[in-house]
Amino acid sequence: MTFLKILQAFFCSLALIVLSVLYIGLLVSAVLSILAGILRTFGLDQIKMSIWYDVDLPILFSIPLALLVAVLLFLCATYIKRSMVFCLSKLRI
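These notes cover the structure that comes with them. (Residues numbered from 1 in each chain as written. Predicted model: local features only at pLDDT ≥ 70, side-chain atom pairs only at ≥ 80, totals over all residues. Heavy atoms only, no water.)

### What to know about the overall build of the protein chain
The helix and strand inventory of the protein chain stands at two helices and zero strands. In summary, the protein chain has a C-alpha radius of gyration of 19 Å against a globular reference of 12 Å for 93 residues, an excess of more than 25%. Of all 93 residues assigned to the protein chain, the portion counted as buried reaches 22%. Here the analysis covers contacts within the protein chain between residues at least 6 apart in sequence; of these, 65% occur between residues at least 24 apart. Just so you have it, the protein chain exposes about 7,100 Å², and 77% of that area is on carbon and sulfur atoms. (Helix = DSSP H or I, 4+ residues; strand = E, 2+ residues; numbered from the N terminus. Rg over C-alpha atoms; globule rule 2.2 N^0.38 Å. Buried < 20%, exposed > 50% of the residue type's maximum accessible area, 1.4 Å probe, protein only. Contact = heavy atoms within 4.5 Å. Areas by Shrake-Rupley, 256 points an atom, 1.4 Å probe, with all protein chains shown as cover.)

This is the structure in structure tokens:
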């Protein structure tokens, strides 16, 4: 029984490291998405947003698309955080 607890703690600690890096990456990406949408709307031409390969997004739709992407990223981050809490609870037992 002790070996199984040690093995579970080992895998949960590894998963916690991976999930924390993923969580931070999702949050940073969501903030950068919002920032890129705002900057593109106000005239920064270096930021390109496209739907398909050669179909550029109109500048008017930059902020709504950036907000949509950011909401999806924040939603994924909340589920990742739930998984992190689960792994942390398994480590405390």
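Still more ground to cover, so stick around.
### Focus on the nonpolar core
If you look at soluble globular proteins, the nonpolar side chains tend to sit buried side by side. With 12 residues, the main nonpolar core is built from Cys 12, Leu 16, Leu 19, Tyr 23, Leu 26, Ala 30, Ala 70, Leu 73, Ala 77, Ile 80, Met 84 and Cys 87. At the level of secondary structure, the elements contributing two or more residues to this core comprise helix H1 (2–41) and helix H2 (62–92). Ignoring sequence-local partners within four residues, the contact set of Cys 87 consists of Cys 12, Ala 15, Leu 16 and Leu 19. (Core = buried A, V, L, I, M, F, W, Y, C linked by side-chain atoms within 4.5 Å.)

### Focus on a nonpolar patch on the surface
Among the surface-exposed residues, Phe 3, Leu 4, Leu 7, Phe 10, Phe 11, Leu 14, Ile 17 and Val 21 lie close enough to one another that they form a single nonpolar patch of about 830 Å² accessible area. In this fold, Leu 7 is placed in helix H1. (Patch = residues over 30% accessible without salt bridge, like charges linked within 9 Å, V, L, I, M, F, W, Y side chains within 5 Å. Salt bridge = Lys/Arg side-chain N within 4 Å of Asp/Glu carboxyl O.)

### Concerning H2
Across its 31 residues, H2 extends 44 Å between first and last C-alpha, which sits within 8% of the 45 Å expected from 1.5 Å per residue. The complete set of buried residues in H2 reads Ser 62, Ala 66, Ala 70, Leu 73, Ala 77, Ile 80, Met 84 and Cys 87. Buried residues in H2 make contact with H1. (Expected span 1.5 Å × (residues − 1).)

### Considering the environment of Leu 35
Looking at the secondary structure, you find Leu 35 in helix H1. Judged by relative accessible area, which is 44%, Leu 35 ranks as partly exposed. For the pair Leu 35 and Val 69, spaced 34 residues apart in the sequence, the C-alpha separation amounts to 12 Å.

None of this, on its own, says anything about what the molecule does.
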